[in-house]
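What follows is the residue order along each chain.
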Amino acid sequence: MKVAFAGLGVMGFPMAGHLARAGHEMAVFNRSPQKAERWVGAHGGRAGPSVAAAADGAQMLILCVGNDDDARGVVSQALPALAPGAVIVDHTTTSARVAREMAALAAESGRAFVDAPVSGGQAGAENGQLTIMCGGDQAAYDRAAAVIGAYAKAVRRMGEAGAGQLTKMVNQICIAGLVQGLSEALHFARRAGLDPDEVYEAVSKGAAQSWQMDNRWKTMAEGRFDFGFAVDWMRKDLGLVLEEAQANGARLDVTALVDGFYAEVQAMGGNRWDTSSLVARLERP
Ligand SMILES: NC(=O)c1ccc[n+]([C@@H]2O[C@H](COP(=O)([O-])OP(=O)(O)OC[C@H]3O[C@@H](n4cnc5c(N)ncnc54)[C@H](OP(=O)(O)O)[C@@H]3O)[C@@H](O)[C@H]2O)c1
């Protein structure tokens, strides 16, 4: 298939690579052109000088850019250049409102839109093991799933446009409270004079087990945060969550509190630190 891919960052670069390996005819675009040149050097295909040039005649446009405004910009510029009937798949974490807006825009021009935020981080993108939560009509979803399955261990349609983004918000609500709990547990263990490694061995096989515990406890104990999912991204996501909660009336007491804790981590200089850096806030002198 003729696929255009916009946004070759931490996530998009390896995702687009999986599509090239799957045999699709790729055209890529990135805001800073060096990444697109580096991608073409590694995977072949062509780099467009603009989104519209990359999208020209493509049957599918996939994007993984930063936020609502980035996604809106890419979709509006690409839309007229895409092949009639093309499907747009957006992996950016955005608001559900923007997803619905872009679905309507795509439908007006005879194309389709699927919001498809991901979970699984950089490692998931590189290993082709992402979880993808989708919103859009069934026919567009079916076409998208056949392609994006190249880098996913699970792809699921959650409902109409916006439903993928709402599901991603649920994912972030789960993580926010859990990482704060894990941080407090580690902080408490230290104050109680326990050895963090021993504590991990004792509690990680029982009801306290989690992905975060298995993958972050050790690095949290070492005070290492220079990797993973950045606090800035988490704050963007929690902003979307809290805005949506205001609209639907959900009470997110802990999530709102943790969002404020992340603001404190940013003030400590932790903008690019992994989300597990909540523990650094507890342990600062
Ligand atoms: N990183 C994770 O673990 C993770 C996990 C799940 C979901 N996400 C979500 O996935 C999205 C991307 O995350 P990421 O970590 O890959 O971020 P990133 O490394 O900052 O990548 C974003 C890429 O999009 C490009 N871009 C931004 N606006 C653009 C535009 N208008 N046109 C073309 N390219 C544009 C940026 O170009 P420049 O080179 O010019 O900056 C950058 O290369 C975000 O919405 C994030 O919340 C990330």
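Computed from a predicted model, the values in this text were never measured in an experiment. Per chain, residue numbering runs from 1 following the sequence as it is written. A pLDDT threshold of at least 70 governs which residues receive local features in this predicted model, and a stricter bar of 80 or more applies before side-chain atom pairs are shown or counted, although totals over entire chains, interfaces and linings include all residues. Derived side-chain values reflect all non-hydrogen atoms in the structure, with water molecules and hydrogen atoms excluded from consideration.

A.B. asks: Give a detailed account of the nonpolar core, specifying residues and quantitative values.
C.D. replies: Of all hydrophobic cores here, the largest spans 34 residues; its most connected members are Phe 5, Met 15, Ile 62, Ile 132 and Tyr 151. The element contributing the most residues to this core is helix α7 (residues 138-148), with six residues. Note on contacts: a residue pair is in contact if any heavy atoms of the two residues lie within 4.5 Å. When near neighbours in sequence (up to four residues on either side) are disregarded, Phe 5 contacts Gly 12, Met 15, Ala 16, Leu 19, Met 26, Ala 27, Val 28, Phe 29, Ile 62, Cys 64 and Tyr 151. For the purposes of this section, nonpolar cores are sets of buried Ala, Val, Leu, Ile, Met, Phe, Trp, Tyr and Cys residues that join through side-chain atoms within 4.5 Å. The cut-offs for exposure are 20% and 50% of the maximum accessible area for each residue type, with area from a 1.4 Å probe on protein chains only; residues under the lower value are buried, those over the upper are exposed, and the others partly exposed. Ranked by size, the runner-up nonpolar core spans 25 residues in total, among them Ala 4, Ala 54, Met 102 and Ala 106. A run of DSSP states H or I qualifies as a helix once it reaches four residues; a run of E qualifies as a strand once it reaches two. Both are numbered from the N-terminal end.

A.B. asks: Can you explain the site of the ligand? Please cite residues and give values.
C.D. replies: Being near a molecule or strand, for a residue, comes down to having at least one heavy atom within 4 Å of it. Neighbouring the ligand are 24 residues, the closest being Met 11, Asn 30, Ser 32, Lys 35 and Gly 66. Here an oxygen atom of the ligand and a backbone polar atom of Val 10 are 2.9 Å apart. A distance of 2.9 Å is found between an oxygen atom of the ligand and a side-chain nitrogen or oxygen belonging to Lys 236. Residue exposure ignores everything except the shown protein chains as possible cover, and the areas themselves are Shrake-Rupley values with a 1.4 Å probe. Protein contacts shield 88% of the accessible area of the ligand, which totals 890 Å² for the unbound molecule. Elements represented by at least two residues in the shell around the ligand include exactly α4 (68-78), α6 (121-127) and α11 (231-248). Pairs of N or O atoms within 3.5 Å make up the polar contacts considered here, provided that, within protein, one atom can donate a hydrogen while the other can accept it, and that residues adjacent in sequence are counted only when both atoms are side-chain atoms.

A.B. asks: How would you explain a negative patch on the surface if you had to name every residue and give the values?
C.D. replies: Candidate patch residues must exceed 30% relative accessible area and have no salt bridge, after which like charges are joined if within 9 Å and Val, Leu, Ile, Met, Phe, Trp or Tyr side chains if within 5 Å. What counts as a salt bridge is simple: a side-chain nitrogen of Lys or Arg found within 4 Å of a carboxyl oxygen of Asp or Glu. Note on charges: Lys and Arg go in the positive column, Asp and Glu in the negative column, and His and the chain ends are not counted at all. The atom standing in for a charge is NZ when the residue is Lys, CZ when it is Arg, CG when it is Asp and CD when it is Glu. On the surface, a cluster of negative charge is contributed by Asp 195, Asp 197, Glu 198 and Glu 201. Relative to the assigned elements, Asp 195 resides in the loop between α8 (163-191) and α9 (196-203).

A.B. asks: Can you tell me about α7, naming the residues and giving the values?
C.D. replies: Three or more residues of α7 are buried, namely Ala 140, Tyr 141, Ala 144, Ala 145, Val 147 and Ile 148. Angular distribution of buried residues about the axis of α7 spans 165°; they occupy a single face of the element. Relative to its buried face, α7 has exposed residues pointing more than 90 degrees away, namely Ala 139 and Ala 146. Against α1 (12-21), β4 (60-63), β5 (87-90), β6 (112-115), β8 (130-135) and β9 (152-159) lie the buried residues of α7. The opening residue of α7, the one whose side-chain oxygen lies 3.2 Å from the backbone nitrogen of Ala 139, is Asp 137. Here the arc refers to the directions that run from the helix axis out to each C-beta atom.

A.B. asks: Quick rundown of α8? Include the residues and the values.
C.D. replies: One less than the number of residues in a helix, times 1.5 Å, gives the span that helix is expected to have. With 29 residues, α8 should reach 42 Å at 1.5 Å per residue; the first-to-last C-alpha distance of 43 Å fits that figure. Note on α8: the residue one or two positions beyond its end, Gly 193, has a positive phi of about 80°.

A.B. asks: If you had to explain the pattern of salt bridges to someone new, which residues and values would you point to?
C.D. replies: Per the stated rule, a full pass over the model turns up 14 salt bridges. The partner of Arg 72 in a salt bridge is Asp 69, with the nearest N and O atoms 3.1 Å apart. Taken together, the residues span about one helical turn, with Arg 72 and Asp 69 both in helix α4 at a distance of three residues. We classify Arg 72 as partly exposed; its relative accessible area is 29%.

A.B. asks: Give me the lowdown on the side chain of Ser 276, citing residues and values where you can.
C.D. replies: Along the chain, Ser 276 turns up in the loop between α12 (253-267) and α13 (278-283). Given the relative accessible area of 1%, Ser 276 is considered buried. Here the side chain of Ser 276 touches Asp 274 through a polar contact of 2.6 Å, side chain to side chain. With residues up to four places along the chain from it excluded, the contact list for Ser 276 reads Val 179, Ser 183, Arg 216, Met 220 and Phe 225.

A.B. asks: For the side chain of Gln 212, give the residues involved together with the corresponding values.
C.D. replies: Along the chain, the position of Gln 212 falls in helix α10 (residues 211-222). Overall, the relative accessible area of 9% leaves Gln 212 in the buried class. With residues near it in sequence (within four places) discarded, Gln 212 still touches Ile 175, Leu 178, Val 179, Leu 182 and Trp 217.

A.B. asks: Any details on the packing of aromatic side chains? Residues and values, ideally.
C.D. replies: Aromatic rings from Phe, Tyr and Trp, with only the six-membered ring used for Trp, were paired whenever their centres fell within 6.5 Å, and each pair was classed as stacked if the ring planes differed by under 30 degrees, edge-to-face if by over 60, and tilted otherwise. Scanning all chains against the criterion turns up one aromatic pair. Judged by centre distance (5.9 Å) and plane angle (35°), the rings of Phe 225 and Trp 273 are tilted. Remark: Trp 273 occurs in the loop between α12 and α13 and Phe 225 occurs in the loop between α10 and α11; sequence separation between them is 48 residues. Residue classification places Trp 273 among the partly exposed residues on the basis of a relative accessible area of 26%. When the ring centre of Phe 229 is taken as origin, the NZ or CZ atom of Lys 168, which lies over that ring, is 6.0 Å away. Lysine NZ or arginine CZ positioned within 6 Å of the ring centre and within 35 degrees of the ring normal marks a charge as sitting over the ring. Cation over ring: Arg 281 sits above Phe 261, and NZ or CZ is 3.7 Å from the ring centre.

In short, shape yes, function no, at least from these values alone.
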